[in-house]
Amino acid sequence: MSLIMEGVCKKYRSANKEFEILRNVELTVNDGEFVCILGPSGCGKSTLLNIIAGFEKVTDGKVLLDGKEVNSPGPDRAVVFQEHALFPWLKVIDNVEFGMKIEGVSKSERRERALKYLDMMHLTNFKDCFVHELSGGMKQRVAIARALCLDSNILLMDEPFCSLDSQTRELLQLEVQRIWWNTKKTIVFITHSIEEAVLLADRIILMPSSIDSQMKEFKIQLARPRQIGNVDVTYMVSKIMKELKKEVEKVAKSEYDEGWNLEKDSILYNDNNDMGIGL
Ligand SMILES: Nc1ncnc2c1ncn2[C@@H]1O[C@H](COP(=O)(O)OP(=O)(O)OP(=O)(O)O)[C@@H](O)[C@H]1O
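Residues numbered from 1 in each chain as written. Predicted model: local features only at pLDDT ≥ 70, side-chain atom pairs only at ≥ 80, totals over all residues.

J.: Can you help me understand unusual backbone geometry in this one?
T.: Trans is the common state for peptide bonds, and a negative phi is the common state for residues other than glycine. Of the consecutive residues Arg-224 and Pro-225, the connecting peptide bond is found in the cis state with omega at -5 degrees. Counting through the fold element by element, Pro-225 comes out in the loop between strand S10 (216-219) and helix H7 (231-255). The backbone phi angle of Asn-24 is positive, close to 45 degrees, even though this residue is not glycine. (Helix = DSSP H or I, 4+ residues; strand = E, 2+ residues; numbered from the N terminus.)

J.: Any chance you could explain the sheet that holds strand S1 (residues 3-14) here in plain terms?
T.: Sheet strands associate in pairs through backbone hydrogen bonding, adopting either a parallel or an antiparallel arrangement. The four strands are arranged S2-S1-S4-S5 in an open sheet whose pairing can be described as antiparallel. Either end of the sheet is taken by a strand with one partner, and the two such strands are strand S2 (17-29) and strand S5 (68-69). Bridge count between S1 and S2: nine bridges; the pairing is antiparallel. When the sheet's bridge partners are listed, Leu-3 is paired in S2 with Val-29. (Pairing = 2+ DSSP bridges.)

J.: Would you mind going over the site of the ligand with me for this structure?
T.: Near the ligand, the surroundings consist of Tyr-12, Ser-14, Phe-19, Ile-21, Gly-39, Ser-41, Gly-42, Cys-43, Gly-44, Lys-45, Ser-46 and Thr-47. Of all the secondary structure elements, the ones that give two or more residues to the shell around the ligand are S1, S2 and helix H1 (45-53). For the shell around the ligand, the leading source of residues is H1, giving three residues. Broken down by class, the residue content of the shell around the ligand amounts to four nonpolar, seven polar and one charged. (Near = placed C-beta within 6 Å. Nonpolar A, V, L, I, M, F, W, Y, C, P; charged D, E, K, R; others polar.)

J.: Mind showing me how you'd approach H1 here?
T.: The α-helix winds at 3.6 residues per turn, so residues separated by three or four positions along the chain end up facing the same way. Restricting attention to buried positions, one finds in H1 the residues Lys-45, Leu-48, Leu-49, Ile-51, Ile-52 and Ala-53. Count one or two residues on from H1 and you reach Gly-54, which has phi positive near 90 degrees. (Buried ≥ 20, exposed ≤ 12 C-beta atoms within 10 Å, placed from the backbone.)

J.: What am I meant to see in the sheet that holds strand S7 (residues 154-158) here?
T.: Judged by pairing direction, the sheet is mixed, and its six strands sit side by side in the order S6-S7-S8-S3-S9-S10 without closing on themselves. Bordering the open sheet on either side are strand S6 (77-80) and S10, each of which pairs with just one other strand. Sheet twist, expressed as the average angle between the axes of neighbouring strands with direction ignored, equals 20 degrees. Direction of pairing for strand S9 (residues 203-206) relative to S10: antiparallel, over a ladder of four bridges. The residue of S10 that forms the bridge with Ile-204 is Phe-218. (Axes fitted to C-alpha atoms, helices over the stretch in contact; angles between N-to-C directions.)

J.: Would you explain the nonpolar core in this entry?
T.: Within soluble globular proteins, side chains that are nonpolar generally end up buried alongside one another. In terms of nonpolar packing, the biggest core is built from 68 residues, with Ile-52, Ala-145, Leu-156 and Val-188 touching the most fellow members. Sorting elements by how many residues they give to this core places helix H4 (residues 136-149) first, with seven residues. Dropping the residues within four chain positions of it, Val-188 is found in contact with Val-29, Val-35, Ile-37, Leu-49, Ile-52, Ile-154 and Leu-156. (Core = buried A, V, L, I, M, F, W, Y, C linked by C-beta atoms within 7 Å. Contact = placed C-beta atoms within 7 Å.)

J.: Can you help me understand the UniProt feature "domain: ABC transporter" (unreviewed entry) in the protein chain in this one?
T.: In the numbering adopted here, UniProt assigns the feature "domain: ABC transporter" (unreviewed entry) to residues 3-234. Across residues 3-234 one finds 33% helix and 26% strand; the C-alpha atoms that close the span lie 30 Å apart. (UniProt positions renumbered as here; feature names shortened; annotations may be inferred.)

J.: What is the right way to look at the packing of helix H2 (residues 92-102) against H4 in this model?
T.: Two quantities define a packed helix pair, namely the angle between the helix axes and the distance between the axes. The N-to-C vectors of H2 and H4 enclose an angle of 30 degrees; their axes lie 8 Å apart at closest approach. Classified by the angle their axes make, H2 and H4 are roughly parallel. Read as a crossing pair, H2 and H4 show a hand that is right-handed. Across the interface between the two elements, Val-92, Asn-95, Val-96, Phe-98, Gly-99 and Met-100 of H2 pack against Val-142, Ala-145, Arg-146 and Cys-149 of H4. (Parallel < 35°, antiparallel > 145°, perpendicular 65-115°, else oblique. Left-handed = near helix turned anticlockwise from the far one by under 90°.)

J.: Sorry if this is basic, but what is going on with H2 here?
T.: Those residues of H2 lying buried are Val-92, Ile-93, Asn-95, Val-96, Glu-97 and Met-100. In this structure, the buried side of H2 is in contact with helix H3 (107-120) and H4. Positive backbone phi, at 85 degrees, marks Gly-104, one or two positions downstream of H2.

J.: Please clarify how the pairing of strand S3 (residues 34-38) should be interpreted in this entry.
T.: Two faces belong to every sheet, and in a regular strand the side chains alternate between them. Summarising burial for S3: five of the five residues are buried, a large majority. Direction of pairing for S3 relative to S9: parallel, over a ladder of four bridges. If you follow Leu-38 over to S9, its bridge partner there is Leu-206.

This is how it looks when you write it as C-alpha cells:
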C-alpha cells in the first residue's frame, strides 16, 4: 500500500496563539518500503505519524493511501507507540486479541491470528500472563504482536524501542527486520537513533528543525541483515549524523542564544575543560 502526503500543513492553536508545526510536507512511501523518520526533538515527527494514522487532522493538504484520502483512523494502518499501552487487567492473549475484537473479527480467527503473532514474537509461553509479569521488552513485543494481528497494510511505529535497554532494543530491531522481510508491510518508523534508522530503513527522512527548511532524504542501499559496526553502516551513520547535528544546533541556538555553538560550548569539545585523567 503506497502512502502520499501532498502539501501537508499542520497548525495548533492554543491560548489564542497559532503554532505552525508542518508546512507543505511532500512525502511518498512506496508499497513495502521501510522508511525511518529522524529529526531534532519537537520538529513534528509524532505529529506527522499521527496525521498518517488519522489521529490528527491536517490544517491543509492531504494524505492518500492507495489514492484514497485519509481523514480518520482505519484498519489499513496499525500503530505501535513509545509506551506499550497494554491493558493491565487483561492477559497477554486478550490484549493481543483486543483490536481484532473491536474490528469484529470472529472468535476463532482472533485466537488463530493472536497465537500466530505471539509465536512470531516468541511469546507463546507467556500468553496467559498478565502485563505486570512481563519485562519491558516483552511488553513491547506484545504491543507489536497486537499491531501485526490487525493485518493492516501499513505499520506506523513511533519510537517503539526508546524506553528499552540496548540489548533488548537490538533484539527487537532484528525482530522488526524479520517481520518486515516476512510480511513485506509498508513501515513508517520514527526514531531518535541514527544507528537504528540505518539498520532498519530503505530510506531515511531527516526532518528539519525549522519549517522553512526542506526535509532531506538518504537512501540506505546496504545488504541485510545489517550490523552495528559494519563499515558501510558506520559510514552512513556518520554522514547522517553531520546533517542531524546541524539541525540540533539550530534548535539549541534558538532555545539558548544565537552565540551558542556545539563545538565551542559543549564540554566534550572544549580543550580548556580538564576532566581529569580518569575520563
Ligand atoms: N496537541 C497539541 N497542541 C499544541 N501543540 C502541540 C500538540 N501536539 C504537539 N504539539 C507541539 O508540536 C511540536 C511538535 O511535536 P511532536 O511531538 O510532533 O514533535 P517530535 O518531533 O515528535 O518531538 P520528540 O522527538 O521530542 O518526540 C512541539 O512543539 C509540540 O509542543
